[in-house]
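Fold and contact review
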Amino acid sequence: MSQYRSLGKVYIGFEFIYRLVYLNLLWISFSLFGGILFGIGPSTLALYHVNRKWLRKELGTDRDIFKHYFTAYKRHFITGNLMGLSLIVLFFIFLVNYRYASARSEVVFQFIQVATVVLSFLAVIILTYLFPLYVHYQLPLKAYYLKSWIVALAHPIPTALNLVWLVLIGYLTYRLFPFSLLLTMSSLAYGIMGISYSCFIRNDQMVLDKDVESVS
């Protein structure tokens, strides 16, 4: 009996890794389909959308996964590009500022270097919640950026866990390259979505409990 249980756990483990690889290949394929620049944003939103369904045990078969991914990609193509391109432009500006400031020795440029690093760090914190918030809540587009910052400040432990997960995946991607390319984005999104989703559920429950108390 224990042997069958062990085999069952091995099968579940292989299925988990297989799904991560499959989702990662979908992310790469749909990013290329949009010409990379116009594909990364909507493909990333679709990835988080499917990961949310996975966490909620709503995925189904491989055909269902592809259907969910393709539907989300089409539905959020414009919004995904608005979000994706805005982030690309933002981090490009940070990179240019830092490279330019690092080439100068004046004190003011040293200050610009430090400020750029700090702002980049804050932008990364917002980024870890931006896509999970979008696939979980229905808000005006601008509200997601503010909501990301509010959630990050209100829930420091999940925020720290998201950053640790980001650093861990980055380290493993570097150490296991090029094999890590099969799992990088899907595992990153799965972990961040899982941490953020748990945070959202607790937050929603707290709001519901307050509403019940106010009514009673």
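Because the structure is predicted, anything quoted here is derived from the model rather than measured. (Residues numbered from 1 in each chain as written. Predicted model: local features only at pLDDT ≥ 70, side-chain atom pairs only at ≥ 80, totals over all residues. Heavy atoms only, no water.)

1. So, the environment of asparagine 81
- Relative to the assigned elements, asparagine 81 resides in helix α4 (residues 77–102).
- What makes asparagine 81 buried here is its relative accessible area of 8%.
- Once residues within four sequence positions are removed from consideration, asparagine 81 is found in contact with Leu37, Phe38, Gly39, Pro42 and Ser86. (Helix = DSSP H or I, 4+ residues; strand = E, 2+ residues; numbered from the N terminus. Buried < 20%, exposed > 50% of the residue type's maximum accessible area, 1.4 Å probe, protein only. Contact = heavy atoms within 4.5 Å.)

2. Digging into a nonpolar patch on the surface
- On the surface, a nonpolar cluster with roughly 490 Å² of combined accessible area is contributed by Leu25, Ile28, Leu32, Ile36, Ile40 and Leu182.
- Counting residues per element, the nonpolar patch draws most heavily on helix α1 (residues 2–33), at three residues.
- Along the chain, isoleucine 36 falls in the loop between α1 and α2 (40–55). (Patch = residues over 30% accessible without salt bridge, like charges linked within 9 Å, V, L, I, M, F, W, Y side chains within 5 Å. Areas by Shrake-Rupley, 256 points an atom, 1.4 Å probe, with all protein chains shown as cover. Salt bridge = Lys/Arg side-chain N within 4 Å of Asp/Glu carboxyl O.)

3. Regarding the packing of α2 against helix α5 (residues 107–136)
- Two elements in contact, α2 and α5, have axes separated by 9 Å at closest approach and are oriented at 65°. You can see that α2 and α5 cross each other, and the crossing is right-handed. Residues Gly41, Thr44, Leu45, Tyr48, His49 and Arg52 of α2 form the contact with α5, whose own contacting residues are Phe131, Pro132, Tyr134, Val135 and His136.
- Each residue belonging to the contact of α2 with α5 can be placed in one class, and the counts come to six nonpolar, four polar and one charged. (Axes fitted to C-alpha atoms, helices over the stretch in contact; angles between N-to-C directions. Left-handed = near helix turned anticlockwise from the far one by under 90°. Nonpolar A, V, L, I, M, F, W, Y, C, P; charged D, E, K, R; others polar.)

4. Structural notes on the packing of α4 against α5
- For the pair α4 and α5, interaxial distance at closest approach is 9 Å and the crossing angle is 165°. Classified by the interaxial angle, the pair formed by α4 and α5 is roughly antiparallel. Considering the relative orientation of α4 and α5, their crossing is left-handed.
- Across the contact of α4 with α5, the residue classes break down as 18 nonpolar, six polar and no charged. (Parallel < 35°, antiparallel > 145°, perpendicular 65-115°, else oblique.)

5. Observations regarding α4
- Compared with an ideal rise of 1.5 Å per residue, which puts 26 residues at 38 Å, α4 spans 37 Å between its outermost C-alpha atoms and is within 8% of the ideal.
- Listed as buried for α4 are Gly80, Asn81, Met83, Gly84, Leu87, Phe94 and Ala101.
- Residues of α4 that are buried sit in contact with α2, α5 and α6 (141–154). (Expected span 1.5 Å × (residues − 1).)

6. Describing the pattern of salt bridges
- In total, this model carries two salt bridges according to the counting rule given.
- Where glutamate 58 meets lysine 53, a salt bridge forms, and the shortest distance between an N and an O atom there is 3.6 Å.
- The exposure class assigned to lysine 53 is buried, which follows from its relative accessible area of 18%.
- Put simply, glutamate 58 and arginine 56 hold a salt bridge, and the shortest N to O gap is 3.1 Å.
- The exposure class of glutamate 58 is partly exposed, given its relative accessible area of 33%.
- One network of salt bridges, in which partners are shared, links Lys53, Arg56 and Glu58.

7. Examining the nonpolar core
- One finds Leu23, Leu26, Leu47, Tyr48, Ile65, Tyr69 and Leu133 to be the most contacted residues of the largest nonpolar core, which totals 40 residues.
- Of all the secondary structure elements, the ones that give two or more residues to this core are α1, α2, α3 (62–75), α4, α5, α6, α7 (156–175) and α8 (184–215).
- Ranked by residue count, the leading element in this core is α8, at eight residues.
- If we skip the residues at most four places from it in the chain, leucine 47 touches Leu23, Trp27, Tyr69, Met185, Ser186 and Ala189. (Core = buried A, V, L, I, M, F, W, Y, C linked by side-chain atoms within 4.5 Å.)

8. Description of the confidence of the model for the chain
- In the predicted model, the chain carries a mean pLDDT of 88, and 92% of its residues have values of at least 70.
- Per-element confidence in the chain ranges from a low mean pLDDT of 82 for α8 to a high of 94 for α2. (pLDDT = per-residue confidence, 0-100.)

9. Some words on the packing of aromatic side chains
- All told, the structure shown has 16 aromatic pairs when counted by the stated rule.
- With 6.0 Å between their ring centres and 40° between their planes, phenylalanine 30 and phenylalanine 70 make a pair best called tilted. Separated by 40 residues along the polypeptide, phenylalanine 30 in helix α1 and phenylalanine 70 in helix α3 bring together distant segments of the chain.
- The class for phenylalanine 30 is buried, based on a relative accessible area of 8%.
- Accessibility expressed as a relative area gives 32% for phenylalanine 70, which makes it partly exposed.
- Among the aromatic residues, those joined into a ring-pair cluster are Phe30, Phe33, Phe66, Tyr69, Phe70, Tyr73 and Phe77. (Phe/Tyr/Trp six-rings, centres within 6.5 Å; stacked < 30°, edge-to-face > 60°.)

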